[in-house]
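Spelled out, the chains give:
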Amino acid sequence: MEAKMLFDVGLVFEIPEFGAVVMGANAELDGLLPSTIKEIIGAQIIIKKTDGEEQIFEGDSTQINHSIADKKNIGICLGKEISPDEISAGLIVYCYSSRQIDQWCRLE
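Only a predicted model underlies this, so the values are computations on that prediction, with no experimental measurement involved. (Residues numbered from 1 in each chain as written. Predicted model: local features only at pLDDT ≥ 70, side-chain atom pairs only at ≥ 80, totals over all residues. Heavy atoms only, no water.)

1. What to know about the packing of aromatic side chains
Applying the stated rule across the entire model yields zero aromatic pairs. Over the ring of tyrosine 94 we find lysine 48; its NZ or CZ atom is 4.6 Å from the centre of that ring. (Phe/Tyr/Trp six-rings, centres within 6.5 Å; stacked < 30°, edge-to-face > 60°. Lys NZ or Arg CZ within 6 Å of the ring centre and 35° of its normal.)

Below you can see the structure in the form of structure tokens.
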């Protein structure tokens, strides 16, 4: 399955009741509806580390916010099983479903 970049991790933090959250932005997604972005992300994401290692995560939930500059900020909750210390800013998040990639490419 081919992966498509969603965003560079800009922020990682923890919400005590939900666990680790990764956030980032991608200008290519700014014109899409939040519901479409959530469909693109799907149930699984890949986070690629700088050493090339890939980790697959089940996204517990996804939140799409609009910045004051009319940009979309994407937050994906990874759950309590992962520590925010295991993910750092600058890592890259990819989507995992080829069906969703095909849908995204038709929208671009």
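2. Description of the pairing of strand β2 (residues 19-25)
Burial runs high along β2: six of the seven residues are buried. Judged from the seven bridges that link them, strand β1 (residues 4-15) and β2 form a sheet pairing that is antiparallel. Bridged to glutamate 14 within β2 is alanine 20. In this antiparallel pair of consecutive strands, β1 and β2, the connection spans three residues. Two elements, β2 and strand β6 (residues 72-79), share six bridges in a ladder whose sense is antiparallel. Paired with methionine 23 across the bridge in β6 is glycine 75. (Buried < 20%, exposed > 50% of the residue type's maximum accessible area, 1.4 Å probe, protein only. Helix = DSSP H or I, 4+ residues; strand = E, 2+ residues; numbered from the N terminus. Pairing = 2+ DSSP bridges.)

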